Amino acid sequence: MEPLTESYFYILLCLYEQPRHGYGIMRMTEELSGGRVKIGSGTMYGATSSMLKKGWIEECPADEERRRMYRLTDGGREILETEIKRLQQLIASANRVMGGYGR
Amino acid sequence: MKEYKRIYKPFQRWEYREEIAWLNEQSRQGWQFVPKGVFTTHFVWDDSVVYRYQIDYQTKVNDLDRYLDAYREQGWELAAEYGKQMFIFRKVYDPALPESDYEIYTDWESLKAMLDKQKRQRLILAIPMLFLSVLSAVTLLRVRDMNMIARTVMYWTLTILDLNEYLCLRSAARREPVRSRKKLDALAIIAFPLAMALFFVYYPGVNPELELKCSGSLEQTFEVRRPDWFRLHVRNAQGEYHAVVLDQDGKEIMRLETDDKRTQKFLMPGEYTVRGECLAQDGEMTVIVN
């Protein structure tokens, strides 16, 4: 599997606990990344379209404000967890080297 | 009272960064874009607000609601839509917000995907244009009596337009910024109809039109109406023949002998005479000057 882009990763991550609407995902991403990662409307639409198609997320009935919400599917959860494992391995490798690999 | 203005500037779909900057600048001056007109861009005066614009290209949006929601929830308002493929959005400008709040593509992967869609649209639109220019080129080649100036201008304008289209396509394919050659394009677009007009005014170039069937001999005076290359042909000849074109002073300037099919010469406007003779008994031929 190819690594996820940052936008994909954050969208999946933001949906990990509960369904959210696009704006909520955007805000949460900004907060989690300390303002470094933003998800603009075009990027958001493209990413959610593609993930809906792949079955990683699904639309769920709108809330009382009638806003569109997205929910993580089991498939999407697996993708996210696999990616986190991959990233952890990268960090672990980096830490081993920084800590003096082969010395 | 509402004030409107129109600017004679067709919307340039492919130079979207320039286009966005232009719309933003107009808005800053108090002119707000209105989706009207094809060769013009319309604005309405309203200096109570400043907008920032963005343009998005899509192959075809099927879930329009979801699409517009993604924009609405970040404060974007649909300003114009073209065939569910190109969308112009605007957002009220707030100087307190960072510039990144006015971006719609925030990572290079999605920006690249959008530019690919734009490229595809461009290619699809280029097909009818290339078809038309091939058609024109074929017509140019097939029409025999063609004003030389008109023909030259038409060849060059077609070449310029096609070359420009090709260069733009190549830039799009390489994802380089599309460099505009607006002046050259405008020149070609103006020159083409002028050349067409010129072509029709001086068509035909020979008066009267000469297609003379003869047996025995013929002599006919004619007028050349424009400086151009003209051809003398002999067709359907039986037996031996010769045909000549003489100028006003009776000097021979074109000559065909038996088995020669045609000859060509640049003639200035004026009076000329064509003479032909079938040498064989019962010989026949058709002499044409065009």
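Note that the coordinates shown come from a computational prediction; the quantities given were computed from them, not determined experimentally. (Residues numbered from 1 in each chain as written. Chains lettered and ligands numbered in written order. Predicted model: local features only at pLDDT ≥ 70, side-chain atom pairs only at ≥ 80, totals over all residues. Heavy atoms only, no water.)

Draft legend 1. Summary view of the nonpolar core. Among the nonpolar cores identified, the biggest contains 30 residues, and Phe33, Tyr53, Tyr67, Tyr71 and Ile88 of chain B are the most heavily contacted of them. By size, the runner-up hydrophobic cluster in this structure holds 22 residues, among which are Ala243, Val245, Cys278 and Val287 of chain B. (Core = buried A, V, L, I, M, F, W, Y, C linked by side-chain atoms within 4.5 Å. Buried < 20%, exposed > 50% of the residue type's maximum accessible area, 1.4 Å probe, protein only.)

Draft legend 2. Representation of the interface of chain A and chain B within the structure. If you look at the interface, chain A gives 19 residues, while chain B gives 22 residues. Roughly 1700 Å² of surface becomes buried between chain A and chain B when both sides are summed, with 45% attributable to carbon and sulfur atoms. Broken down residue by residue, the surface that chain A buries against chain B is led by Lys38, Ser41 and Tyr45 of chain A, which jointly contribute 41%. Between chain A and chain B we count two salt bridges in total. The closest approach of N and O atoms between Asp69 of chain B and Arg68 of chain A, which form a salt bridge, is 3.1 Å. The interface formed by chain A and chain B contains 17 residue pairs in polar contact (both at pLDDT 80 or more). Where the side of chain A that touches chain B is concerned, the elements lending two or more residues are α2 (22-32) and α3 (41-54) of chain A. For the side of chain A that touches chain B, the element with the most residues is α3 of chain A, which contributes seven residues. Partitioning the side of chain A that touches chain B into residue classes produces six nonpolar, nine polar and four charged. (Contact = heavy atoms within 4.5 Å. Buried area = accessible area lost by both parts, 1.4 Å probe. Salt bridge = Lys/Arg side-chain N within 4 Å of Asp/Glu carboxyl O. Polar contact = N/O pair within 3.5 Å; in protein donor to acceptor, adjacent residues only side chain to side chain. Helix = DSSP H or I, 4+ residues; strand = E, 2+ residues; numbered from the N terminus. Nonpolar A, V, L, I, M, F, W, Y, C, P; charged D, E, K, R; others polar.)

Draft legend 3. Quick peek at the side chain of Thr273 of chain B. With respect to the secondary-structure elements, Thr273 of chain B resides in strand β14 (residues 270-278). Thr273 of chain B gets classed as buried once you look at its relative accessible area, which sits at 15%.

Draft legend 4. Inspection of the sheet that holds strand β2 (residues 57-60) of chain A at higher detail. Residue and element names in this part refer to chain A. Pairing is antiparallel in the open sheet, where three strands are placed in the order β1-β3-β2. A strand with exactly one partner marks an edge of an open sheet, and here the two such strands are β1 (20-21) and β2. Where β2 lies against strand β3 (residues 69-72), four bridges are found, and the strand directions are antiparallel. Residue pairing across strands places Ile57 opposite Leu72, the latter belonging to β3. (Pairing = 2+ DSSP bridges.)

Draft legend 5. Molecular detail of the pattern of salt bridges. Overall, the coordinates contain 18 salt bridges over all chains when judged by the stated rule. Its salt-bridge partner being Arg27 of chain A, residue Glu30 of chain A comes within 3.1 Å of it at the nearest N-O pair. One end of the pair, Glu30 of chain A, and the other, Arg27 of chain A, are both in helix α2, three residues apart, so they sit about a helical turn from each other. Here Arg275 of chain B ties to Glu219 of chain B by a salt bridge, and the two come within 3.0 Å at their closest N and O atoms. One end of the pair, Arg275 of chain B, is in strand β14; the other, Glu219 of chain B, is in strand β9 (residues 217-224), with 56 residues separating them in the sequence.

Draft legend 6. Layout of the sheet that holds strand β12 (residues 252-257) of chain B. What the five strands build is an open sheet, ordered β7-β9-β14-β11-β12 (chain B); its pairing is antiparallel. The sheet is open, and its two edges are formed by β7 (206-207) and β12 of chain B, each paired on a single side.

Draft legend 7. Layout of helix α2 (residues 64-72) of chain B. All of the buried residues in α2 of chain B are Arg66, Tyr67, Leu68, Ala70 and Tyr71 of chain B. On the buried face of α2 of chain B, the contacting elements are α3, β2 and β3 of chain A together with β4 (51-57), β5 (77-82) and β6 (86-92) of chain B.

Draft legend 8. Summary view of the side chain of Asp101 of chain B. With respect to the element layout, Asp101 of chain B can be found in the loop between β6 and α3 (108-142). At 2.7 Å, the side chain of Asp101 of chain B forms a polar contact with the side chain of Lys38 of chain A. Those residues within four positions of Asp101 of chain B in sequence are excluded, and the remaining contacts are Lys38 of chain A together with Trp76 and Lys91 of chain B.

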